[in-house]
Amino acid sequence: MSAAAEISVLFAPIADEALEQLASVLVDCVAGGASVSFMAPFSQDQALAFFRKVSGSVASGDTVLLAAKLDGKIIGTVQLGLDTPPNQPHRADIKKMLVHRAARGHGIGAALMARVEDEARRHGRWLLVLDTVPGDNGYRLYRRAGWTESGIIPDYAMFPDGRLCDTVLFWKRLDR
């Protein structure tokens, strides 16, 4: 993988082809054992249903959806959740940072995170939060990107195969 991925914001309405490609990335991540809210077996149809809901959230302005493309195909994605309570207009949630297993190790996750931070600033959000499994690929990425670990909740979620996993909470204050 020699070319750099193109990172872009997907606006509503999101094309069916893009939704299919996003769903394929999610299916691959779940098949690879990522604890991203879904249990095995997990189908393309289930992933497509999830991204159709995300598309509705994009249309309502509650979510910013980013895609990493290589040679015109989506290989990674991340979401910026803007739907926060009235007393938290400065905060946003980072959700579903996913990179297809075949595209990992080439800086795509770091590029997605840098761009989502730019989008947060654009929306006036300067405090970001996320959660991930301690020690996994995302955990290492967030540490390298300057995120601060806030604590671990034992047995918070499950891997797709049903094993319990801990969750670590991270936060990052952006320069405004």
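As the structure is a prediction and not an experimental result, all values here were calculated from the model.

1. Quick word on helix H2 (residues 44-60)
Here H2 spans 24 Å end to end across 17 residues, near enough to the 24 Å set by a 1.5 Å rise per residue. Restricting attention to buried positions, one finds in H2 the residues Ala47, Leu48, Phe50, Phe51, Val54, Ser55, Ser57 and Val58. On an axial view of H2, the arc spanned by its buried residues comes to 165°, and they lie on one face. In H2, those exposed residues whose orientation departs by more than 90 degrees from the buried face are Asp45, Lys53 and Ala59. Residues of H2 that are buried make contact with strand E1 (6-10), helix H1 (16-31), strand E2 (63-70), strand E3 (73-81) and strand E4 (91-99).

2. Considerations on the sheet that holds strand E5 (residues 127-132)
Pairing is mixed across the open sheet formed by 7 strands, whose spatial order is E1-E2-E3-E4-E5-E7-E6. The open sheet is flanked by E1 and strand E6 (148-158), the only strands paired with a single partner. Strand-to-strand, the axes of this sheet are offset by a mean angle of 25°, without reference to chain direction. Taken together, the 5 bridges between E1 and E2 define a ladder with antiparallel strand orientation.

About the cut-offs
- Residues numbered from 1 in each chain as written.
- Predicted model: local features only at pLDDT ≥ 70, side-chain atom pairs only at ≥ 80, totals over all residues.
- Heavy atoms only, no water.
- Helix = DSSP H or I, 4+ residues; strand = E, 2+ residues; numbered from the N terminus.
- Expected span 1.5 Å × (residues − 1).
- Buried < 20%, exposed > 50% of the residue type's maximum accessible area, 1.4 Å probe, protein only.
- Arc of directions from axis to C-beta.
- Contact = heavy atoms within 4.5 Å.
- Pairing = 2+ DSSP bridges.
- Axes fitted to C-alpha atoms, helices over the stretch in contact; angles between N-to-C directions.

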